[in-house]
Amino acid sequence: MEDGQAWTIREAGADDAAALALIGAATFLETFAGILDGAAIIGHCAAQHGEAAYRAALASGARAWLAEARPGGAPVGFALVGAPGLAAAQDGDIELKRIYALSRFHGTGLGAALMARAVEAAAGHRRLLLGVYARNHRALAFYRKQGFADIGTRQFDVGGKLYDDLVLARPVAA
């Protein structure tokens, strides 16, 4: 728990799948409305941000940390790490699948606190990888500030439409 913050962070479990799904869909929509195709966003959120998707990720060994507002405990963000699915992955890598926070909580230190959990979870791995929309300049600035560097590109399917992503990595301290 971060003292004096408007939020707390705890490790999430299967019982938190609904909260992860809510934040996943809400932040994806909030971030990409007016940037990506609306129907593609809806399709992506239905497929990738449903409770079943988060239950499956956690059941397959992924770990998540859920940020909750104080007071009240409403979900406001999360980080999810798991086995890499990126073509640039090498032996010893782990992937930051998602790190999301409602925009109202940007600038509060929540992103850095969630990233710290992801980096801690990556201990024992060689690199922490992630994919990010190439035009998401705010996210790119945050990741670069967190020590990530470009290592490649990929095309990311959002509801049946392809968008260009950058693939980033940062070394994990031994």
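Residues numbered from 1 in each chain as written. Predicted model: local features only at pLDDT ≥ 70, side-chain atom pairs only at ≥ 80, totals over all residues. Heavy atoms only, no water.

Details of the overall build of the protein
And step 1. If you tally the helices and strands in the protein, you get 5 helices and 7 strands.
And step 2. Along its sequence from the N terminus, the protein presents helices and strands in the succession β-α-α-α-β-β-β-α-β-α-β-β.
And step 3. Along the longest, intermediate and shortest principal axes, the C-alpha atoms of the protein span 45 × 40 × 30 Å.
And step 4. Considering only residue pairs separated by 6 or more positions, the protein has 64% of its internal contacts joining residues 24 or more positions apart.
And step 5. By element, 54% of the accessible surface of the protein is carried by carbon and sulfur atoms, the whole surface being about 8,600 Å².
And step 6. When the 17 basic and 17 acidic side-chain charges of the protein are each reduced to a single mean position, those positions are 4 Å apart. (Helix = DSSP H or I, 4+ residues; strand = E, 2+ residues; numbered from the N terminus. Contact = heavy atoms within 4.5 Å. Areas by Shrake-Rupley, 256 points an atom, 1.4 Å probe, with all protein chains shown as cover. Lys, Arg positive; Asp, Glu negative; His and termini not counted. Charge placed at Lys NZ, Arg CZ, Asp CG, Glu CD.)

Thoughts on the side chain of Asn136
And step 1. With respect to the helices and strands, Asn136 occurs in the loop between strand 5 (127–133) and helix 5 (137–145).
And step 2. Polar side-chain contacts of Asn136 include one of 3.2 Å to the backbone nitrogen of Ala139.
And step 3. Apart from the residues within four sequence positions on either side, Asn136 is in contact with Thr31 and Phe32. (Polar contact = N/O pair within 3.5 Å; in protein donor to acceptor, adjacent residues only side chain to side chain.)

Description of the packing of aromatic side chains
And step 1. What the rule picks out here adds up to 7 aromatic pairs.
And step 2. An angle of 90 degrees between the planes, with centres 5.6 Å apart, marks the rings of Tyr54 and Phe78 as edge-to-face. A residue pair is termed long-range when its members are at least 10 positions apart, and Tyr54 in helix 3 (residues 51–59) and Phe78 in strand 3 (residues 75–82) qualify at 24 residues.
And step 3. We classify Tyr54 as buried; its relative accessible area is 1%.
And step 4. Look at Phe78 and you get buried, because its relative accessible area is 0%.
And step 5. Residues Tyr143 and Phe148 carry aromatic rings whose centres are separated by 5.9 Å and whose planes lie at 65 degrees to one another, so their mutual orientation is edge-to-face.
And step 6. Judged by relative accessible area, Phe148 falls into the buried class, the value being 4%.
And step 7. Taken together, the aromatic side chains of Phe28, Phe32, Tyr133 and Tyr163 make up a single cluster linked through ring pairs. (Phe/Tyr/Trp six-rings, centres within 6.5 Å; stacked < 30°, edge-to-face > 60°. Buried < 20%, exposed > 50% of the residue type's maximum accessible area, 1.4 Å probe, protein only.)

Side note on helix 3
And step 1. Taken as a whole, helix 3 has its buried residues at Tyr54, Ala57 and Leu58. All buried residues of helix 3 lie within an arc of 95 degrees about the axis, which places them on one face of the element. More than 90 degrees from the buried face of helix 3, the exposed residues found are Ala52 and Ala59.
And step 2. Elements that come into contact with the buried residues of helix 3 comprise helix 1 (17–32), helix 2 (38–48), strand 2 (63–69), strand 3 and strand 4 (93–101).
And step 3. Residue Gly61 follows helix 3 closely and has a positive phi angle near 105 degrees. (Arc of directions from axis to C-beta.)

As for the pattern of salt bridges
And step 1. As enumerated under the stated definition, the model contains 8 salt bridges in all.
And step 2. Salt-bridge contacts for Asp16 lead to Arg10; the nearest nitrogen and oxygen are separated by 2.7 Å.
And step 3. Judged by its relative accessible area of 31%, Arg10 falls in the partly exposed class.
And step 4. Linking Arg154 and Asp165 is a salt bridge whose minimum nitrogen-to-oxygen distance equals 3.0 Å. Here the residue Arg154 occupies a position in strand 6 (residues 149–158), and Asp165 occupies one in strand 7 (residues 161–171), the gap between them amounting to 11 residues.
And step 5. What you see here is one network of salt bridges that share partners, running through Arg10, Asp16 and Glu68. (Salt bridge = Lys/Arg side-chain N within 4 Å of Asp/Glu carboxyl O.)

Describing the packing of helix 1 against helix 3
And step 1. Where helix 1 contacts helix 3, the axes come no closer than 8 Å and their chain directions differ by 120 degrees. Accordingly, the angle class assigned to the pair helix 1 and helix 3 is oblique. Helix 1 and helix 3 meet at a crossing whose hand is right-handed. In this structure, helix 1 contributes Ala17, Ala18, Leu20, Ala21 and Gly24 to the contact, and helix 3 contributes Glu51, Tyr54, Arg55 and Leu58.
And step 2. Its residues placed into classes, the contact of helix 1 with helix 3 shows 6 nonpolar, 1 polar and 2 charged. (Axes fitted to C-alpha atoms, helices over the stretch in contact; angles between N-to-C directions. Parallel < 35°, antiparallel > 145°, perpendicular 65-115°, else oblique. Left-handed = near helix turned anticlockwise from the far one by under 90°. Nonpolar A, V, L, I, M, F, W, Y, C, P; charged D, E, K, R; others polar.)

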